[in-house]
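Listed below are the residues making up each chain.
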Amino acid sequence: MKRLRIWVKCLTLLQQFLLISFLVVTFFIIFFFTFLPRNIDNFVNVQMFNSIHLSQDDYIQNNLFSSKYTNDFDSNVSHHIYSIQSKRYLENIDVESPIYDILNIIDPVIEEDIYDGDFYYEGRNVVYTIRKVNENYNLVSIIKNDYRNSFRSALVDSTINTTLLMVIGLYTFLMLWVVSLIHPLNLIKNYIEKTKKGEKATLSIDRKDEIGEVAEALVDMNEELSKQAKIREEMIQNISHDLKTPIATIKSYSESIKDGIYPYDTLEKSVDVIIEHADRLEKKVYSLITFNKLGYLVDELEPGDNLEMKPIVQGAILAANVLRGDIVIETELEDIYFHGEMEPWRIVVENLLDNALRYAKSVVRITLNNDGLSIYNDGDLMDKERIEKLFKPYEKGNKGRFGLGLSIVRRVTETYGYVVVGENMNDGVIFRVIKPKVKRSKKQSAKQA
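Since the model is a prediction, treat every value here as computed from it, not as a measurement.

Some details on the overall build of the protein chain
Within the protein chain, the secondary structure is distributed over eleven helices and twelve strands. Counting the 449 residues in the protein chain, one finds 34% classified as buried. Taking contacts inside the protein chain between residues at least 6 apart in sequence as the whole, the part at least 24 apart equals 63%. Roughly 28400 Å² of accessible area belongs to the protein chain as shown, and the carbon and sulfur atoms make up 56% of that amount.

Digging into the packing of helix 6 (residues 267-294) against helix 10 (residues 404-415)
It is the contact of helix 6 with helix 10, at a shortest axis distance of 10 Å, that shows an interaxial angle of 25°. In terms of orientation, helix 6 and helix 10 fall into the roughly parallel class. The chirality of how helix 6 crosses helix 10 is left-handed. Taking contact as the criterion, the partners of S287, L288, T290, F291, N292 and L294 in helix 6 are, on helix 10, L404, S407, I408, R411 and V412. The residue inventory of the contact of helix 6 with helix 10, partitioned by class, reads six nonpolar, four polar and one charged.

Remarks on a nonpolar patch on the surface
Nonpolar side chains collect at one region of the surface, where L170, F173, L174 and W177 lie side by side and expose about 420 Å² of accessible area between them. Within the secondary structure, W177 sits in helix 4 (residues 145-196).

Structural notes on the packing of aromatic side chains
Within this structure, the stated rule accounts for five aromatic pairs. Ring centres 5.1 Å apart and planes at 65° place the aromatic pair Y82 and Y89 in the edge-to-face group. Grouped by ring-pair contacts, the aromatic residues F338, W345, Y416 and Y418 constitute a single cluster.

As for the nonpolar core
The biggest cluster of nonpolar side chains holds 43 residues, and the ones touching the most others in it are F338, W345, V364 and I366. For this core, the elements supplying multiple residues, two or more each, are helix 6, helix 7 (310-320), strand 7 (328-333), helix 8 (342-359), strand 9 (363-369), strand 10 (372-377), helix 10 and strand 12 (429-434). Tallying contributions element by element places helix 8 first for this core, with eight residues. With sequence-adjacent residues up to four places away left out, I366 is seen in contact with V313, I317, I329, E330, T331, E332, L333, L353, L373, S374 and I375. Ranked by size, the runner-up nonpolar core spans 13 residues in total, among them Y89, L103, V126 and Y128.

Digging into helix 8
With 18 residues, helix 8 extends 26 Å from end C-alpha to end C-alpha; this agrees with the ideal 26 Å at 1.5 Å per step. By the burial criterion, the buried members of helix 8 are P344, W345, I347, V348, V349, L352, L353, N355, A356, L357 and Y359.

A short note on the pattern of salt bridges
Scanning the model with the defined rule gives ten salt bridges in all. We note a salt bridge from E135 to K132, for which the minimum N-O separation is 3.6 Å. Classification of E135 as exposed rests on a relative accessible area of 61%. Given the relative accessible area of 33%, K132 is considered partly exposed. R346 is paired through a salt bridge with E343; the nearest N and O atoms lie 2.3 Å apart.

Quick notes on the pairing of strand 5 (residues 137-143)
When a strand is regular, its side chains alternate between the sheet's two faces. Of all the seven residues making up strand 5, six are buried; the element is thus mostly covered by neighbouring parts of the structure. Where strand 1 (residues 77-83) lies against strand 5, seven bridges are found, and the strand directions are antiparallel. Bridge assignment links Y82 to a residue of strand 5, and that residue is N138.

Brief notes about the sheet that holds strand 7
Ordered in space as 7-9-10-12-11, the five strands form an open sheet in which the pairing is mixed. At either margin of the open sheet sits one strand with a lone partner, and together these are strand 7 and strand 11 (419-424). Within the sheet, the average angular offset between the axes of one strand and its neighbour, ignoring direction, is 10°. As paired strands, strand 10 and strand 12 are joined by six bridges and run antiparallel to one another. Counted as the bridge partner of G372 is I434 from strand 12. Strands strand 7, strand 9 and strand 10 of the sheet are contacted by helix 7, whose axis makes an angle of about 175° with strand 7.

Notes on the pairing of strand 1
With seven of seven residues buried, strand 1 is to be regarded as a mostly interior element. Here strand 1 shows no split at all, with V77, H79, I81 and S83 on one side and S78, H80 and Y82 on the other all buried. In this structure, strand 1 lies alongside strand 2 (residues 88-89), joined through two bridges in antiparallel fashion. Its bridge partner being in strand 2, Y82 is matched across the sheet by Y89. Linking strand 1 to strand 2, which pair antiparallel, is a turn of four residues; within it K87 sits at a positive phi near 55°.

Each value, and the rule that gives it
Each residue is numbered by its place in its chain's sequence as written, counting from 1. Selection of residues for local features in this predicted model requires a pLDDT of at least 70, selection of side-chain atom pairs for listing and counting requires 80 or more, and totals for whole chains, interfaces and linings are taken over all residues. Derived side-chain values reflect all non-hydrogen atoms in the structure, with water molecules and hydrogen atoms excluded from consideration. Helix numbering and strand numbering both begin at the N terminus, where a helix is a DSSP run of H or I of at least 4 residues and a strand a DSSP run of E of at least 2. Between buried and exposed lies partly exposed: a residue is buried under 20% and exposed over 50% of the maximum accessible area for its type, with that area taken using a 1.4 Å probe on protein chains only. Residues count as neighbours in contact if any of their non-hydrogen atoms are within 4.5 Å of one another. Accessible surface area values rest on a Shrake-Rupley calculation with a 1.4 Å probe, where residue burial reflects the displayed protein chains alone. Lines are fitted to the C-alpha atoms to define the axes, a helix being fitted only along its stretch in contact, and any angle between axes, read from their N-to-C directions, falls within 0 to 180 degrees. Note on angle classes: values under 35 degrees are labelled roughly parallel, values over 145 roughly antiparallel, values of 65 to 115 roughly perpendicular, and the remainder oblique. Two helices cross in a left-handed way if the nearer one is turned anticlockwise from the farther one by less than a right angle. They cross in a right-handed way if the turn is clockwise. Residue classes follow a fixed rule: Ala, Val, Leu, Ile, Met, Phe, Trp, Tyr, Cys and Pro count as nonpolar, while Asp, Glu, Lys and Arg count as charged, and any other residue, Gly among them, counts as polar. Patch criteria: residues need more than 30% relative accessible area and no salt bridge. Like-charged residues are merged within 9 Å; nonpolar side chains of Val, Leu, Ile, Met, Phe, Trp and Tyr are merged within 5 Å. Salt bridges are counted wherever a side-chain nitrogen of Lys or Arg sits within 4 Å of a carboxyl oxygen of Asp or Glu. Pairing of aromatic side chains requires ring centres within 6.5 Å, counting the rings of Phe and Tyr and the six-membered ring of Trp. Pairs whose planes differ by under 30 degrees are stacked, by over 60 edge-to-face, and all others tilted. Buried residues of nine kinds, namely Ala, Val, Leu, Ile, Met, Phe, Trp, Tyr and Cys, make up a nonpolar core once their side-chain atoms join them within 4.5 Å. The span you would expect from a helix comes to 1.5 Å times its residue count less one. DSSP calls a pair of strands paired once it identifies at least 2 bridges connecting them.

Spelled out as structure tokens, the structure:
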């Protein structure tokens, strides 16, 4: 059985369809040559008995013992009156006639009141009925073989022809349907193979069903991957240039100092330049490492808010005050708990605050309450295209810097079930980290109180 399942799984759709077709045809052949004939014979016999009974009713009412006796009242049924007293038929029957032999076979049961029966005579099925008319006479009625055979043939032909037409129609419909599935699937397969080899490929499937949706999704995915690859390539080139500049500066300044030359007036100022570029280099490398590391961040904590956010925000503000002393940082902080671990949330707050300070003109406003965390700056408004790509990795910001920081923010917030958005205000820009609407436990509510 296991080998059979493996073998079936290895078949193509067309091969599976042909296999199913073979099984269906085999089933119908067995059905036509075994089950159907037996049931048709039973049905025909029932219909023959019904016909005999109806014919007997009419014969008894209109023709029995009439002055002009005839045996041809019903052309399909042969009627014979049997005298119980004389034990003979009223009509003269030619001994050479086939009906004579048939009546002799029926004679042993002729004394019964009513008896329906059938038997084979010279390879033919004979159906007969015996009915007691009165105390003196029985009516023996026999269906004619030609009528029975023609009725059976017509029924068989009608049944088989109708069934065959239905099977052929259904098979044709299924074949067209399978072809309509296989063709677009082959197009999708060729598209994937060409894309995998890096060749230019197009996929156009005009369908609104699941296959059309898959084809459309594949095209969109390929376009997005190509776009991301192009952005990543550009980002790597720019990062390489950004890394190259401080490295080249550190190297050249160090070589000059080694030779006793001070590129920036004095030794102390020259060393400060080296330290400044080393800090820049460290910050860029740290962002790349953090972005990669948070890609594996998993929420393994128990449900509920377990982390106090106010100290984290205050710590980030203390560290940021030295970056731009000309910016006023206003705060409105409540004792709020978030779900998650301290280090990822610290990175989120630092990146949002660093982004706000980078673009602010004079004010940064931080709010922490039951709705979540928001950081506002009074910098220039963002254009619509920039808002749509805010949290995508490798996207370049308004001042030519790459948005790894905001990508890190999104990874952390999504991991812990929060939502981060960036919006334009009337006089600035605000980033919000929105808390999910969940009920806190009594323990957590008491902790906050």
